[in-house]
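# Tertiary structure, described
Now for the letters of each chain:
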Amino acid sequence: MRLTEPTKALQLGNLSIMHLIEVLELDAGSGIPLEPVGSAFTPQGSEQGDEASFDDSLDGSLDGSDYDDLFSDDERDLRDLSDTDPEDDESVPDGVPPEVTIPQAQLETILGQMAVIVPCKGEDPNTIEGVLSGIPRGCLIVLVSNSEARAYKKEVMMLRRFCRQARPALAIHQSDAAAAAAFNMYGLNDLVTHVGGTPKRIRNGKGEGMMLGIALVAALCPQRRYVAFVDADIMVPGAVNEYCRAFAAGFALNPNPGTETMVRLRWASKPKVRNGEIDYTCEGRSSQVVNRWLNKLLSAMADADPTGKLAAARDSEIIVTGNAGEHAMTMDLALNLRLANGYAIEPFHFVELLDQLAPGNQNAHADRLGYSTGRVPNLQPVTIMQIRTRNPHFHRVTDDSHVRSMWASGLGSIYHHLPAPLSTPASSPFSKSFARGEKLRGDILDFLADNNEENEDAKGELVHEPPRPRIYPPVSQLDLDRFREMVRSEHKTLFCLNLQHFKLPRPNTIVPVYQQYGVTPPL
Ligand code: GDD
Ligand code: MG
């Protein structure tokens, strides 16, 4: 895979946010010899090629004379790049970013250590199968479902069919009673709903499903060093393939040795059909809002920083992947990061990393607004790689209210969890910074008021605060050995396909899981 090289970064203490890099060529580095062989086009007839035969081969409808003067004599060498050293190629204008090619073998090594978690709730099994078909073969597939019981049965049957050629995979349902009991007893009880004091099930939500997936991979397949997330409603399998390979490229290209890596994708386009035409818009409706406010957060942190170390963060507009549903992490990072519920999970990554790793924050007042609980102290330095892929992103169309609630939960992540010292109460020495944080919060409220779509008449009026995300402790807080033993021995909805090192003690039965174990079906 050939990409622009990651050269520029915004360094914020122990957090490095790389500027967006781009996938340039999907298949470069595949091992196919770069020298033209046999059938490659060579103009025939003379050593330099016969111009006439070249022209004749053009579509007859074209008037050859239009092309005769296209290249002046001085530019003849543009026709043949075979002897050109790319460094000396004058046809490449200055300022073109440097490029890097990652050999296919290196991508495959990384993909072979990656688990791809596919959260799904009520998607068409054919669509899910399309997503699976795009996941490179070395990756472990992990389907985490929150679908209706019957739909889950169909999903598992599809997965079994798909994996019949020795493809390793895991599947689990979010209402799995054994997983809920293990979470409840062994360290992640916040993720479990209780009815009448009895643990019932893991909470609904995409973020919660992803956390279950992380726990499952860490417990059952600890040799997987990377974990990635790909939505189940993506309509183009080739896009999924590119996303996974781009994740691997992101890991390979992290320029900061010894740091954990997070790779976040930005799609080339997110097309919408309007009046029968495809409109290739670049940025999703929710991303437009969330990216803007995450960048405002960076500016606020720069304004509030008395040392001037964060000056480069002001107006940087560097964050372009605030909502990246398609993202990946080193497993150590996935295990040690606090994560947010539902669709707040992706924007909250930024908020949490800024809070934990930007300068001036680590020693800030521990109990400010009471939300530091459960954090892993001394998170390792992190590099965020942002990559623009080539495929258009087609997925299930969602309505405006869904999009609105998604960006509102993104804003809620910022509003309720401003990094220290923006959120340190006024009595502290950081009081000026606190005022800057309050201004940002006020601006968010104004924005919500101006975009109050619930009531047209109330536009511009004061609205409620954005939703407060539920913040879960890191998955590393779970006792993974006990979790593994519980889901293995008591397994209800867990399926392990073609995992040589991990076998369930008895065969799975798909049908009666809900009735037999009294598990509450998903809402
Ligand atoms: N396991 C599980 N549990 N999966 C869920 C749940 C749940 O409670 N809710 C939704 N999902 C699955 C969906 O089936 C889908 O595969 C994926 O999570 C994303 O949900 P969508 O409803 O398709 O979200 P979206 O398309 O509006 O938003 C996606 O893109 C955003 C960026 O534009 C999500 O990935 C967002 O998280 C992301 O920010
Ligand atoms: Mg979707």
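Positions within a chain are numbered from 1, following the residues in the order the chain's sequence is written. A letter from A marks each chain and a number from 1 marks each ligand, given out in the order of writing. Predicted model: local features are reported for residues with pLDDT of at least 70 only, side-chain atom pairs are reported and counted for 80 or more only, and whole-chain, interface and lining totals are derived from all residues. Where side-chain values are given, they derive from all heavy atoms of the structure, hydrogens and water being excluded.

Tallying secondary structure elements over the protein chain gives 15 helices and 19 strands in all. When accessible area is computed with a 1.4 Å probe and restricted to protein chains, residues below 20% of their type maximum are described as buried, those above 50% as exposed, and intermediate ones as partly exposed. Within the protein chain, the proportion of its 523 residues that are buried is 50%. Here the protein chain has roughly 24,600 Å² of accessible surface; of this, 50% comes from carbon and sulfur atoms. The numbering of helices and of strands both runs from the N terminus, where a helix is a DSSP run of H or I of at least 4 residues and a strand a run of E of at least 2. Residue burial considers only the protein chains on display, and all accessible areas are found by Shrake-Rupley using a 1.4 Å probe.

Turning our attention to the packing of aromatic side chains. Any two aromatic rings considered together are summarised by their centre-to-centre distance and by the angle between their planes. Under the pairing criterion, centres of Phe, Tyr and Trp rings, with the six-membered ring standing for Trp, must be within 6.5 Å; the plane angle then separates stacked pairs below 30 degrees from edge-to-face pairs above 60, leaving the rest tilted. Taken as a whole and judged by the stated rule, the model has 4 aromatic pairs. Aromatic pair Phe 183 and Phe 483: ring centres 5.5 Å apart, planes at 35 degrees, arrangement tilted. Here Phe 183, found in helix H6 (residues 177-185), pairs with Phe 483, found in helix H14 (residues 480-489); they are 300 residues apart in sequence, far enough to count as distant. Taken individually, Phe 183 and Phe 483 each receive the classification buried, so the pair is uniform in this respect.

Detailed conclusions should not be drawn from predicted coordinates in areas where pLDDT is low. The share of residues in the protein chain with pLDDT of 70 or more is 80%, and the mean pLDDT across the chain is 84. pLDDT expresses, on a scale from 0 to 100, how confident the predictor is about each individual residue. In this analysis, two residues are considered to be in contact whenever any of their non-hydrogen atoms come within 4.5 Å of each other. Across residues 45-58, confidence stays below pLDDT 50; counting only partners more than four residues off in sequence or on other chains, it has 10 contacts. Predicted confidence for residues 511-523 stays below pLDDT 50, and this span has 26 contacts to residues more than four positions away or in other chains.

Counted as donors are N, O and S atoms no farther than 2.8 Å from the metal, or 3.2 Å for Na, K and Ca; water is not among the atoms, and sites may therefore look incomplete. Within the protein, the atoms that donate to the magnesium ion (ligand 2) are Asp 233 (OD) and His 395 (ND1), at distances of 2.1 to 2.3 Å. Note that Asp 233 is positioned in the loop between strand S11 (226-229) and helix H8 (237-253) and His 395 in the loop between strand S17 (382-388) and helix H12 (400-416), a separation of 162 residues in sequence.

Moving on, we get to a nonpolar patch on the surface. Only residues whose relative accessible area exceeds 30% and that form no salt bridge enter a patch; like-charged residues are grouped when within 9 Å of one another, and nonpolar side chains (Val, Leu, Ile, Met, Phe, Trp, Tyr) when within 5 Å. The working definition used for a salt bridge is a side-chain nitrogen of Lys or Arg within 4 Å of a carboxyl oxygen of Asp or Glu. Together, Tyr 67, Leu 70 and Phe 71 make up an exposed nonpolar region whose accessible area comes to about 280 Å². Structurally, the position occupied by Tyr 67 is in helix H2 (residues 65-68).

Let's shift gears to the layout of surface pockets. For each structure, a 1 Å grid was placed over the protein atoms alone; sets of points admitting a 1.4 Å probe that cannot get out are labelled cavities, open sets with protein on both sides within 12 Å along at least five of seven lines are labelled pockets, and lining residues have an atom within 4 Å of a point. Grid points are joined across faces, edges and corners, and a volume is the space filled by probe spheres set on the points. Roughly 1,100 Å³ of internal volume is contained in the largest pocket. Taken together, 50 residues form the lining of the largest pocket, with Asp 231, Tyr 343, His 395, His 402 and Met 406 sitting closest to its centre. Secondary-structure elements contributing two or more residues to the lining of the largest pocket are strand S6 (114-120), helix H7 (206-220), strand S12 (260-266), strand S13 (272-274), helix H9 (285-304) and H12. Gly is placed with the polar residues, together with every amino acid not listed as nonpolar (Ala, Val, Leu, Ile, Met, Phe, Trp, Tyr, Cys and Pro) or charged (Asp, Glu, Lys and Arg). Split by residue class, the lining of the largest pocket holds 17 nonpolar, 18 polar and 15 charged.

By the criterion of burial, strand S8 (residues 169-173) is predominantly enclosed, with 5 of the 5 residues buried. The alternating pattern of S8 places Ala 169, Ala 171 and His 173 and Leu 170 and Ile 172 on opposite faces, both of which are buried. Here strand S7 (residues 140-145) runs beside S8; their pairing, made up of 5 bridges, is parallel. Directly across from Val 144, in S8, lies its bridge partner Ile 172. Note that S8 and strand S19 (residues 495-497) share 3 bridges and pair antiparallel. Looking across to S19, one finds that Ala 169 is bridged to Leu 497. Two strands are said to pair when DSSP picks up at least two bridges between them.

Before going further, it helps to spend a moment on the site of ligand 1. The cutoff for a nearby residue is simple: one of its non-hydrogen atoms must lie within 4 Å of the molecule or strand. Surrounding ligand 1, one finds 23 residues, the nearest of these being Glu 123, Lys 206, Asp 231, Asn 323 and His 402. Each polar contact in these results corresponds to two N or O atoms within 3.5 Å; when the atoms are within protein, one needs to be able to donate a hydrogen and the other to accept it, and residues that are neighboring in sequence are counted only if both atoms are side-chain atoms. Asn 146 is positioned such that a nitrogen or oxygen atom in its side chain is 3.1 Å from an oxygen atom of ligand 1. Arg 396 places a side-chain nitrogen or oxygen 3.2 Å from an oxygen atom of ligand 1. Protein chains bury 96% of the 740 Å² of accessible surface belonging to ligand 1 in isolation. Any molecule with more than half of its atoms within 2 Å of a cavity's or pocket's grid points is regarded as sitting in that cavity or pocket. In a pocket analysis with a 2 Å cut-off to the grid points, ligand 1 is assigned to the largest pocket. Looking at the shell around ligand 1, the elements that each hand over two or more residues are S6 and H12. In the shell around ligand 1, the residues fall into 7 nonpolar, 8 polar and 8 charged.

When their charged atoms lie close together, side chains carrying opposite charge are able to pair. Summed over all chains, the structure comprises 17 salt bridges. One salt bridge in this structure joins Asp 443 and Lys 439, with 2.9 Å as the shortest N-O distance. Within this pair, Asp 443 and its partner Lys 439 are both found in helix H13 (residues 431-450), separated by 4 residues, close to a single helical turn. For Asp 443, a relative accessible area of 26% translates into the label partly exposed. For Lys 439, a relative accessible area of 47% gives the class partly exposed.

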